[in-house]
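These are the residues of each chain, in order.
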Amino acid sequence: MTATLEPTARASAQQRVDAWLASFEAALRARDIEAAAGLFGTESFWRDLVAFTWNLKTVEGSAGVAHMLTARLDDTDPSGFATSEPATEEGGVVNAFIEFETRTGRGKGHLRIRDDGAGDRAWTLLTTLRELKGHEENQGPSRPLGAVHGPHNAAPTWAERRAQEEAELGRTVQPYALVIGGGQGGIALGARLRQLGVPALVVDKHARAGDQWRGRYKSLCLHDPVWYDHLPYLPFPKNWPVFAPKDKIGDWLEMYTRVMEVPYWSKTECTDATYDDAQGEWTVQVVKDGEELTLHPKQLVLATGMSGKPNVPHFDGMDLFRGEQHHSSQHPGPDAYRGKKVVVIGANNSSHDICKALYENDVDVTMVQRSSTHIVRSGSLMEYGLGDLYSERALEAGVTTDKADLIFASLPYRIMNQFQKPIYDKIREVDADYYADLEKAGFDLDFGDDDSGLFMKYLRRGSGYYIDVGASELVADGSIKLAHGDVDHLTEGSVVLEDGTELPADLVVYATGYGSMNGWAADLMGQETADRLGKCWGLGSETAKDPGPWEGEQRNMWKPTRVENLWMMGGNLHQSRHYSLYLALQLKARYEGLDTPVYELAEVHHLS
């Protein structure tokens, strides 16, 4: 049977949600999949983060809901669907934050319903696993005591226990999970696993936690605002700058690692990793500060950053060039180049930041734009793109970081562009003169393949944009020189473009982006394993640099992959905070021996 809900004219938003949830739960309890699926509209989306699917998965339409429930309903055994706060209505859509339980855990979510003419149907449903029953984190009322009370004079102190743990880990005690990469993603995951009681180890080649940030060009600051960037458990203080300098972020990550007691090996490089199917474990060779060690984790996480290995192009004449050349990831800053000529290949975030710092230090700098770039002013992005979710006014309206994360996650990727387009239409209107000045200077602008702007470009390809914190004005007035076209070759002292334009240079900076994350897997595990893993990042939107078919979720990120017991952790600070929870819970469930049948493990369509 197909369920129908007929809202009355007097029904409030809360009554409509209560009725929908009651019908949904009744259908699930009766195992009436047809009735449950009938509560979803013709255009509808159920996004599940681990709770039902042990995966990150979006199903579409009533048919997609029915298929997923057929596979997962009995095992999940959901119940207790209720709102966690009063529902609201805007523009004919009722919005509600919800909570529920499954056989193994407790979850939170978000629901949007609308009347499709035949009654209220779900438009979007988000379900997320937040904790495992019997394996809850010790926090709030259940936080650890810390002190040892009573007649226990011989009990080891906290410092002694920590020292013993550090001495044993990786030697007499093996980590269950090894996290390779100690930037924000690895550290956030390490903190989650620590609080969940999963024996884990985070390793990184740098000398100190945070060096990934300290080592970048000296003018680098976050382009995302502070409200968007908190890490789990320990938000930035209220006097933290809106846009944090890189070294401040580096110091925060180092402090966070120590305070959150993340088991962390610095000066450690992984040289080889192989998986033993029979043993169900990895053998990982590492060199820790000159000492060769062999680790045997059950689970391996590559947290080497959203970006893969630097893309360094190969142009004729690079071996003849007498000046200096380096990728933007290796750029030290402007100090050594005062009074010199610098050519920066590329026109996205890193290029703009580097060009701005060079110009401000009396360097003759030219940006070479090879393809169009999306530009959005930082202030406009904060006001129109992030302000409703991540800002002081959002907090004043009761939108906490956790609520903001749920709202953002509740928008299925398939239709997220529909929510983004009006934002960028407004920005184009407000900043019309600004964009006109850039175009007059010859800068090639775009707003994404479908005018959906920054976030969709980031989610689809992770490149092709610049959040303007001052460089665009310098491009518009000619202070940063602008050239167009692909590079043909280098001479001893210049860069020559395909149209014959010759750009004298003492330094060439290749701000040419990064490859897929599975490039790191190829280095560590071999190309065959990297190919089984496949391309990481992107949605399959069939837009530039995001080939189809449609994936529905980020390729290979924070979820099971086609390489057994290999996981990918990456993204910005926001994603590191939010998705580290779901990856940590997946690892915790496996550590505790829970049954974790994965619904529709993603296919591999692209190797890199």
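Residues numbered from 1 in each chain as written. Predicted model: local features only at pLDDT ≥ 70, side-chain atom pairs only at ≥ 80, totals over all residues. Heavy atoms only, no water.

J.: Where do I start with the overall build of the protein chain in this structure?
T.: Each helix and strand in the protein chain was counted, giving 18 helices and 25 strands. Taken over C-alpha atoms, the radius of gyration comes to 26 Å for the protein chain, in line with the 25 Å a tight globule of 608 residues would show. Viewed in the frame of its principal axes, the protein chain has a C-alpha envelope of about 75 × 70 × 50 Å. A total of 608 residues make up the protein chain; the buried ones form 54% of that total. Summing over all exposed atoms, the protein chain offers an accessible surface of approximately 25400 Å²; the carbon and sulfur share of this is 48%. (Helix = DSSP H or I, 4+ residues; strand = E, 2+ residues; numbered from the N terminus. Rg over C-alpha atoms; globule rule 2.2 N^0.38 Å. Buried < 20%, exposed > 50% of the residue type's maximum accessible area, 1.4 Å probe, protein only. Areas by Shrake-Rupley, 256 points an atom, 1.4 Å probe, with all protein chains shown as cover.)

J.: What is the right way to read the side chain of Q212 from this model?
T.: Secondary-structure assignment places Q212 in helix α6 (residues 211-214). Among the polar contacts listed, one links the side chain of Q212 to the side chain of D204, at a separation of 2.9 Å. Those residues in contact with Q212 that sit more than four places away from it in its chain are G182, G183, D204, H206 and Y264. (Polar contact = N/O pair within 3.5 Å; in protein donor to acceptor, adjacent residues only side chain to side chain. Contact = heavy atoms within 4.5 Å.)

J.: Mind showing me how you'd approach the pattern of salt bridges here?
T.: Here the idea is simple: oppositely charged side chains can pair when their charged atoms come close. This model, assessed by the stated rule, comprises 47 salt bridges. The partner of D362 in a salt bridge is R338, and the shortest N-O contact between them spans 3.2 Å. Residue D362 is found in the loop between α8 (349-359) and β17 (364-369), and its partner R338 is found in the loop between β15 (324-327) and β16 (341-345); the two are separated by 24 residues along the sequence. The partly exposed category is assigned to R338, whose relative accessible area is 47%. Measuring nitrogen to oxygen at the nearest pair gives 2.9 Å for the salt bridge that ties K356 to E360. Under the relative-accessibility criterion, E360 is labelled partly exposed at 48%. Through salt bridges with shared partners, a single network forms among R162, E165, E166, R194 and E261. (Salt bridge = Lys/Arg side-chain N within 4 Å of Asp/Glu carboxyl O.)

J.: It is not clear to me how the nonpolar core should be interpreted in this structure. Could you clarify?
T.: It is characteristic of soluble globular proteins that their nonpolar side chains tend to be buried jointly. Counting 163 residues, the largest nonpolar core has F24, W46 and L69 as the members making the most contacts within it. Sorting elements by how many residues they give to this core places helix α18 (residues 573-591) first, with 9 residues. Not counting residues up to four positions away in its chain, the partners in contact with F24 are A36, L39, F40, W46, F81 and L125. Ranked by size, the runner-up nonpolar core spans 15 residues in total, among them F321, V343, V495 and A505. (Core = buried A, V, L, I, M, F, W, Y, C linked by side-chain atoms within 4.5 Å.)

J.: Even after reading the chapter, I still don't get the confidence of the model for the protein chain, so can you show me in this structure?
T.: When pLDDT is low, close inspection of the predicted coordinates is not appropriate. Averaged over every residue, the pLDDT of the protein chain is 95; the share at 70 or more is 98%. Here residues 1-5 is a poorly scored stretch, pLDDT under 50, and it has 19 contacts once near neighbours within four places are set aside; other chains count. (pLDDT = per-residue confidence, 0-100.)

J.: Help me understand the side chain of R162 in this model?
T.: Its location among the elements puts R162 in helix α4 (residues 158-168). With residues up to four places along the chain from it excluded, the contact list for R162 reads R194 and E261.

J.: What should I look at first to understand the sheet that holds strand β22 (residues 494-497) in this one?
T.: Note on sheets: strands pair through backbone hydrogen bonds, and any given pair is parallel or antiparallel. Strand order in this open sheet of 3 strands is β21-β22-β23, and the pairing throughout is antiparallel. Because the sheet does not close on itself, it has two edges, and the strands there are β21 (487-490) and β23 (502-504). Adjacent strand axes in the sheet meet at a mean angle of 25°, parallel and antiparallel pairs treated alike. In terms of strand pairing, β22 meets β23 through 3 bridges, oriented antiparallel. Paired with S494 across the strands is P504, a residue of β23. (Pairing = 2+ DSSP bridges. Axes fitted to C-alpha atoms, helices over the stretch in contact; angles between N-to-C directions.)

J.: Teacher, can you tell me more about the layout of surface pockets here?
T.: One simple way to see leftover space: roll a probe sized like a water molecule over the atoms. Computed from the structure, the second largest pocket encloses a volume of approximately 990 Å³. What lines the second largest pocket is a set of 32 residues, and nearest its centre among them are E90, R112, D388, L389 and I407. Contributions of two or more residues to the lining of the second largest pocket are made by β4 (88-90), β5 (93-101), β6 (105-115), α9 (378-386), α11 (401-409) and α12 (413-430). Sort the elements by how many residues they give to the lining of the second largest pocket and β5 lands first, with 4 residues. (1 Å grid on protein atoms, 1.4 Å probe; cavity = no way out; pocket = protein on both sides within 12 Å on 5 of 7 lines; lining within 4 Å. Points joined across faces, edges and corners; volume = space filled by probe spheres on them.)

J.: I keep staring at the packing of aromatic side chains and nothing clicks. Help me out?
T.: A ring pair, where both rings are aromatic, is described by two values, the distance of the centres and the angle of the planes. Per the counting criterion, the structure on display carries 26 aromatic pairs. On the basis of an interplanar angle of 90° and a centroid distance of 5.2 Å, the ring pair of Y228 and Y390 is categorised as edge-to-face. Highlighted residues: Y228 in the loop between α6 and α7 (246-259) and Y390 in the loop between α9 and α10 (392-396), separated in sequence by 162 residues. Here Y228 and Y390 have matching classes, each one buried. Look at W558 and Y579: their rings are 4.1 Å apart centre to centre, the planes differ by 10°, and that puts the pair in the stacked class. Taken together, the positions of W558 in the loop between α17 (527-533) and β25 (566-568) and Y579 in helix α18 put the pair 21 residues apart, joining distant regions of the chain. Each member of the pair, W558 as well as Y579, carries the same accessibility label: buried. Taken together through their ring pairs, the aromatic side chains of W20, F24, F40, W46, F52, F81 and F100 make up a single cluster. Just above the ring of W123 sits the side chain of R114; from NZ or CZ to the centre is 4.1 Å. (Phe/Tyr/Trp six-rings, centres within 6.5 Å; stacked < 30°, edge-to-face > 60°. Lys NZ or Arg CZ within 6 Å of the ring centre and 35° of its normal.)

J.: Could you clarify how one ought to interpret the packing of α12 against helix α14 (residues 454-461) in this entry?
T.: What describes two packed helices is the angle between their axes and the distance between those same axes. Between α12 and α14, the least distance of the axes is 8 Å, while the angle of their chain directions is 150°. From α12, Y413, M416, N417, Q420 and Y424 reach across to α14, where they touch L454, F455, M456, L459 and R460. Its residues assigned to classes, the contact of α12 with α14 shows 7 nonpolar, 2 polar and 1 charged. (Nonpolar A, V, L, I, M, F, W, Y, C, P; charged D, E, K, R; others polar.)

J.: Sorry if this is basic, but what is going on with the environment of Y233 here?
T.: Mapped onto the fold, Y233 is located in the loop between α6 and α7. For the pair Y233 and R143, spaced 90 residues apart in sequence, the C-alpha separation works out to 13 Å. When residues no more than four places from it in sequence are discounted, the contact partners of Y233 are E137, A191, R192, Q195, Y256 and M260. Separated by 3.0 Å, the side chains of Y233 and E137 make a polar contact.

J.: Mind showing me how you'd approach the pairing of strand β7 (residues 120-132) here?
T.: Regular strands place side chains that alternate from one sheet face to the opposite one. Counting buried positions along β7 yields 11 of 13 residues, so the element is predominantly enclosed. In this structure, strand β1 (residues 40-49) lies alongside β7, joined through 6 bridges in parallel fashion. Pairing of R47 across the sheet is with L126, part of β7. For β6 and β7, the ladder comprises 11 bridges, and the chain directions are antiparallel. The residue of β7 that forms the bridge with D115 is D120.

J.: I tried to follow the environment of T366 on my own but got confused; where do I start?
T.: Here T366 is to be found in strand β17. The exposure class of T366 is buried, given its relative accessible area of 10%. Excluding its chain neighbours within four sequence positions, the residues that come into contact with T366 are V342, V343, V344, K481, A483 and L503.

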